[in-house]
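# Structural overview for review
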Amino acid sequence: MESRDSDQRLKIKAGSFTLKIMQYRTLGKTGLRVSAIGFGGWAIGGNAFGESLGATDDAVSMAALNRAWELGCNTFNTADLYGRGHSEQLIGKALKGWTREEWVIITKGGHDFTAEALEKSGGVKKNFSESHLRRAVEDSLQRLGLESIDVYLLHNPPLELIQHGKVFEVLRDLKQSGKIRFFGVSIHDPQEGIQAIRVGQVDVVEAVWNLFDPRIEKLLLETCDQTQTGLIIREPLARGFLSGKMPETIAFEKGDVRAVWPKPLVAKRIQAAERFRPLVPEGYNSLARFAMAYSLANPAVATVTPDCVTPDDVIEAMATADLPPLTEKNMEEIRGLQGVL
């Protein structure tokens, strides 16, 4: 495979599909070159333990991972919580067939699902103690088959923990020892990301930014840009609701995190997604690509990592990198609709 950098335009043939352009961007001050569209690994964790986006087939998941690699994706974003290590295991298996210097692996920790913790608390609990994080990193390294993790993120830490700052000391030590190369936080509230940058001097922030949730646009995007903090976007399809493929009658199976949502809320979410469809520019061909292009629109964003399950999901996602960027007029139309939803 050819050498990759942010200026390269890589033309790749995969079956009947040709990706004319895969873009690469720099992940802030880390200097890592990441594909503009990465592979989100939540869904391939499966639903053996719940906390999932539905049932999966490992053979199909492996095919999806390999198709992403074939199409120029070099950025794989997962967490130890996804399938309680299963997503990491699958990615680790896929990595064995790929060229080491080409990939960027992102994983997260901070949820304790050890047998002792489950017996004591009756379920998975957040745990950001030094001892747990050190053990979690070692476990992730083993599952991924790596000697060092490219980017390690605290998985949804509370604001109080971020503001206290002590948790970042263990991450700095893990970085110094070579267990991880760069560290940061995965957050929901933009203030959590801003405080992590200010207090923890983190290398990377992972945040939600999609058509339904534009909150980071007000301040976090600017803060990341000013501080050269790498910005990863997760959930660009809002847990599938912006895929444009959900019927209002959809029923989520047990174990899927969306199964507990009230049916009227699910229907309202699907209806809201459809209101964006008239804004999709000519040539985009799908609401999903439009949604991912929205998350790519700001230059502060390094990579957008939709959760993929099948090779077709991968093709849909990677094709977004081949589209012309949204214009300021497109963004104004989106903001206008967001203001009334």
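Calculation notes
- Residues numbered from 1 in each chain as written.
- Predicted model: local features only at pLDDT ≥ 70, side-chain atom pairs only at ≥ 80, totals over all residues.
- Heavy atoms only, no water.
- Pairing = 2+ DSSP bridges.
- Helix = DSSP H or I, 4+ residues; strand = E, 2+ residues; numbered from the N terminus.
- Core = buried A, V, L, I, M, F, W, Y, C linked by side-chain atoms within 4.5 Å.
- Buried < 20%, exposed > 50% of the residue type's maximum accessible area, 1.4 Å probe, protein only.
- Contact = heavy atoms within 4.5 Å.
- Expected span 1.5 Å × (residues − 1).
- Right-handed = clockwise from strand over helix to strand, strands pointing away.

### Describing the sheet that holds strand β5 (residues 39-40)
What holds strands together in a sheet is hydrogen bonding between their backbones, with the strands either parallel or antiparallel. Across the sheet, eight strands lie side by side as β5-β6-β7-β10-β11-β12-β13-β14; this open sheet has parallel pairing. Edge positions in the sheet fall to β5 and β14 (303-305), since each has one partner strand and no second. Judged from the three bridges that link them, strand β13 (residues 230-234) and β14 form a sheet pairing that is parallel. If you follow I233 over to β14, its bridge partner there is V304.

### With respect to the nonpolar core
Counting residues in each nonpolar core, the largest one holds 92 residues, and the members touching the most others are F39, L65, F76, F168 and F290. For this core, the element with the highest residue contribution is helix α10 (residues 287-296), accounting for eight residues. Those residues within four positions of L65 in sequence are excluded, and the remaining contacts are F39, I44, F76, L90, I91, A94 and W98. If you look at the next biggest cluster of nonpolar residues, it comprises 11 residues, including L27, V34, V204 and I232.

### What about helix α9 (residues 263-274)?
For α9, which comprises 12 residues, the first-to-last C-alpha distance of 17 Å matches the rise-based estimate of 16 Å (1.5 Å per residue) to within 8%. In this structure, the buried residues of α9 make contact with α10.

### Describing the environment of G110
Tracing the sequence through the fold places G110 in the loop between β7 (104-109) and β8 (111-112). Spatially, the C-alpha atoms of G110 and L81 are 8.5 Å apart, while their sequence positions differ by 29 residues. If we skip the residues at most four places from it in the chain, G110 touches D80, K125, K126, N127, F128, H132 and L133.

### Some points on the pairing of β13
Strand residues, when the strand is regular, have side chains that alternate between the two faces of the sheet. Among the five residues of β13, five are classified as buried, and the element is accordingly described as predominantly covered. Here strand β12 (residues 204-208) pairs with β13 via five bridges, running parallel. Bridge pairing in β13 places V204 opposite G230. Each parallel crossover has a hand, and the one from β12 via helix α8 (residues 220-227) to β13 is right-handed.

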